[in-house]
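# A structural walkthrough
Read off the chains here:
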Amino acid sequence: MRFLIAEDHPIIVVAVGEILEAAFGQGGCETDTVSTGESVLHAVGQAAYCLVLDLDMPGRPRSVPLLAEVKGVAHDIRMAVYTGHANTCLALAALEAGAAAYVSKASGRRLALDAIRTVVDGGRFVDPSIDLEVASNHAWRCLTASMRRECRAQVADGRPWPRSSVGLRARAGTAESW
């Protein structure tokens, strides 16, 4: 199996490499590493990988937009998100963008291994600390596409959250969460 580890912290790259070696044996996997969103897109366009991805890396694209672009370049790619963000809404967005697994780095090596094995086997894995039902019912999910565009435009214009939320007919917390 060929893996691409997309991570900007060298110690995490080493740890993920060790996890993969323990799971698939020294001869059972080949790993490449990248540390920016741009390099992820370049690498997945050149070879078939199972991608183990941190969402918070330098450069653009990053986070959920990076997942969507990866799927556009390599639509059959299997992706496991391994990130420091245990945010339910971010997890749901990552899974909707094409990730097959979402696991927090804080959950430890064993869960990371379980997530990667599940992805390799064609399944879906969600860190048990992530409650997708909470994310599905979160207030930001009620915003329409036009409301989200308006929210981004208002924030880009430097308008404060409370004023932005009034224009969107949404609570300040909803707009801020989005």
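Below, the structure is looked at part by part. (Residues numbered from 1 in each chain as written. Predicted model: local features only at pLDDT ≥ 70, side-chain atom pairs only at ≥ 80, totals over all residues. Heavy atoms only, no water.)

Attention now goes to the overall build of the protein chain. Each helix and strand in the protein chain was counted, giving nine helices and six strands. For the protein chain, the proportion of contacts with a sequence separation of at least 24, taken over those separated by at least 6, is 59%. Of the roughly 8900 Å² of accessible surface on the protein chain, a fraction of 51% belongs to carbon and sulfur atoms. (Helix = DSSP H or I, 4+ residues; strand = E, 2+ residues; numbered from the N terminus. Contact = heavy atoms within 4.5 Å. Areas by Shrake-Rupley, 256 points an atom, 1.4 Å probe, with all protein chains shown as cover.)

All right, on to helix 1 (residues 10–24) then. The end-to-end C-alpha distance of helix 1, which contains 15 residues, comes to 21 Å, matching closely the 21 Å that a straight helix rising 1.5 Å per residue would cover. If you check which residues of helix 1 are buried, you get Val 13, Val 16, Ile 19, Leu 20 and Ala 23. Here the buried residues of helix 1 occupy an arc of 125° about the axis, which is enough to place them on one side. When the buried face of helix 1 is taken as reference, the exposed residues oriented beyond 90 degrees from it are Pro 10, Ile 11 and Ala 22. The elements touched by buried residues of helix 1 are strand 1 (2–6), strand 2 (30–34), strand 3 (50–53), strand 4 (78–83) and helix 5 (109–120). Once helix 1 ends, the next one or two residues include Gly 25, with phi positive near 80°. (Expected span 1.5 Å × (residues − 1). Buried < 20%, exposed > 50% of the residue type's maximum accessible area, 1.4 Å probe, protein only. Arc of directions from axis to C-beta.)

Turning to the packing of aromatic side chains, a few remarks are in order. Enumeration over the complete set of coordinates arrives at one aromatic pair. The interplanar angle of 40° and the centroid separation of 5.2 Å between the aromatic rings of Phe 3 and Phe 24 together place this pair among those described as tilted. Of this pair, Phe 3 sits in strand 1 while Phe 24 sits in helix 1, and the two are 21 residues apart along the sequence. (Phe/Tyr/Trp six-rings, centres within 6.5 Å; stacked < 30°, edge-to-face > 60°.)

Tallied over the entire structure, the rule returns seven salt bridges. A salt bridge links Glu 18 to Arg 109; the nearest nitrogen and oxygen atoms lie 3.7 Å apart. Within this pair, whereas Glu 18 is found in helix 1, its partner Arg 109 is found in helix 5, the two being separated by 91 residues in sequence. Overall, Glu 18 belongs to the partly exposed group, its relative accessible area being 41%. On the basis of relative accessible area, Arg 109 is assigned to the partly exposed category, the value being 44%. Where Asp 114 meets Arg 110, a salt bridge forms, and the shortest distance between an N and an O atom there is 3.7 Å. In this pair, Asp 114 and Arg 110 both sit in helix 5, four residues apart, roughly one turn of the helix. On the basis of relative accessible area, Asp 114 is assigned to the partly exposed category, the value being 27%. By relative accessible area, which is 54% here, Arg 110 ends up exposed. Through salt bridges with shared partners, a single network forms among Arg 2, Glu 30 and Asp 32. (Salt bridge = Lys/Arg side-chain N within 4 Å of Asp/Glu carboxyl O.)

The next point concerns the packing of helix 2 (residues 37–46) against helix 3 (residues 63–73). Geometrically, a packed helix pair is captured by the angle between its two axes and the distance between the axes. Helix 3 packs onto helix 2 with a crossing angle of 20° between their chain directions and a minimal axis gap of 9 Å. In terms of axis orientation, helix 2 runs roughly parallel to helix 3. In this structure, the crossing between helix 2 and helix 3 has a hand that is right-handed. Contact with helix 2, carried on its side by Gly 37, Val 40, Leu 41, Val 44 and Gly 45, involves Leu 66, Glu 69, Val 70 and Val 73 of helix 3 and no other residues of that element. (Axes fitted to C-alpha atoms, helices over the stretch in contact; angles between N-to-C directions. Parallel < 35°, antiparallel > 145°, perpendicular 65-115°, else oblique. Left-handed = near helix turned anticlockwise from the far one by under 90°.)

By themselves, these are just geometric observations and shouldn't be taken as functional.
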